[in-house]
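One letter stands for each residue in the lines below.
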Amino acid sequence: MNPRELLTIEEAAQRLGIGRTTMYALIKAGQIRTVTIGRLRRVPTFCLDEYVQHLLAEPTPLDSAA
């Protein structure tokens, strides 16, 4: 089975394990990029990967506690 390149907002939120409202907030804040095809907004799968990589690169409070 070949994974799709573009996901709906709901599918992208499910893939990240977050709610739809949180997903829309991340998109509005510019943290996750999307594309528009006609009237449809879709999330490229690589944009989710970019977002996760960005999260991993940020220092967390636990990193400085050690």
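Everything in this summary refers to the structure shown in the same document.

**Looking at the packing of helix H1 (residues 9-16) against helix H2 (residues 20-28)**
- Where H1 meets H2, the axes come as close as 9 Å, and the angle between the chain directions of the two elements is 105°. One element, H1, and the other, H2, form an angle in the roughly perpendicular class. Contacts between H1 and H2 involve Ile-9, Glu-10, Ala-12, Ala-13 and Leu-16 on the former and, on the latter, Arg-20, Met-23, Tyr-24 and Ile-27.
- Tallied by class, residues from the contact of H1 with H2 come to 7 nonpolar, no polar and 2 charged.

**Regarding the nonpolar core**
- The biggest cluster of nonpolar side chains holds 11 residues, and these are Leu-7, Ile-9, Ala-12, Ala-13, Met-23, Leu-26, Ile-27, Ile-32, Val-43, Leu-48 and Tyr-51.
- The set of elements that each furnish at least two residues to this core consists of H1, H2 and helix H3 (45-57).
- Each residue touching Val-43, except ones within four places of it in the same chain, is listed here: Glu-5, Leu-6, Leu-7, Ile-9, Ala-12, Met-23, Ile-27, Ile-32, Arg-33, Thr-34 and Leu-48.

**Observations regarding the pattern of salt bridges**
- Going through the model one piece at a time under the given rule, you end up with 4 salt bridges.
- The partner of Arg-15 in a salt bridge is Asp-49, and the shortest N-O contact between them spans 3.4 Å. In this pair, Arg-15 sits in helix H1 while Asp-49 sits in helix H3, placing the two residues 34 residues apart along the sequence.
- One salt bridge connects Glu-50 with Arg-33, and the closest N-O pair in it is separated by 2.9 Å. Remark: Arg-33 occurs in the loop between H2 and strand E2 (35-37) and Glu-50 occurs in helix H3; sequence separation between them is 17 residues.
- A residue is classified by how much of its surface remains accessible, and Glu-50, at 37% relative accessible area, is partly exposed.
- Overall, Arg-33 belongs to the partly exposed group, its relative accessible area being 46%.

**Remarks on the pairing of strand E3 (residues 40-44)**
- When strand E1 (residues 6-7) meets E3, the two strands line up antiparallel, connected through 2 bridges. Paired with Leu-7 across the strands is Val-43, a residue of E3.
- As paired strands, E2 and E3 are joined by 3 bridges and run antiparallel to one another. Note on E3: the bridge partner recorded for Thr-36 is Arg-41.
- Taken together, E2 and the strand that follows it, E3, pair antiparallel across an intervening segment of 2 residues, in which Gly-38 is found at a positive phi of about 65°.

Rules of the game
- Residues numbered from 1 in each chain as written.
- Predicted model: local features only at pLDDT ≥ 70, side-chain atom pairs only at ≥ 80, totals over all residues.
- Heavy atoms only, no water.
- Axes fitted to C-alpha atoms, helices over the stretch in contact; angles between N-to-C directions.
- Helix = DSSP H or I, 4+ residues; strand = E, 2+ residues; numbered from the N terminus.
- Parallel < 35°, antiparallel > 145°, perpendicular 65-115°, else oblique.
- Contact = heavy atoms within 4.5 Å.
- Nonpolar A, V, L, I, M, F, W, Y, C, P; charged D, E, K, R; others polar.
- Core = buried A, V, L, I, M, F, W, Y, C linked by side-chain atoms within 4.5 Å.
- Buried < 20%, exposed > 50% of the residue type's maximum accessible area, 1.4 Å probe, protein only.
- Salt bridge = Lys/Arg side-chain N within 4 Å of Asp/Glu carboxyl O.
- Pairing = 2+ DSSP bridges.

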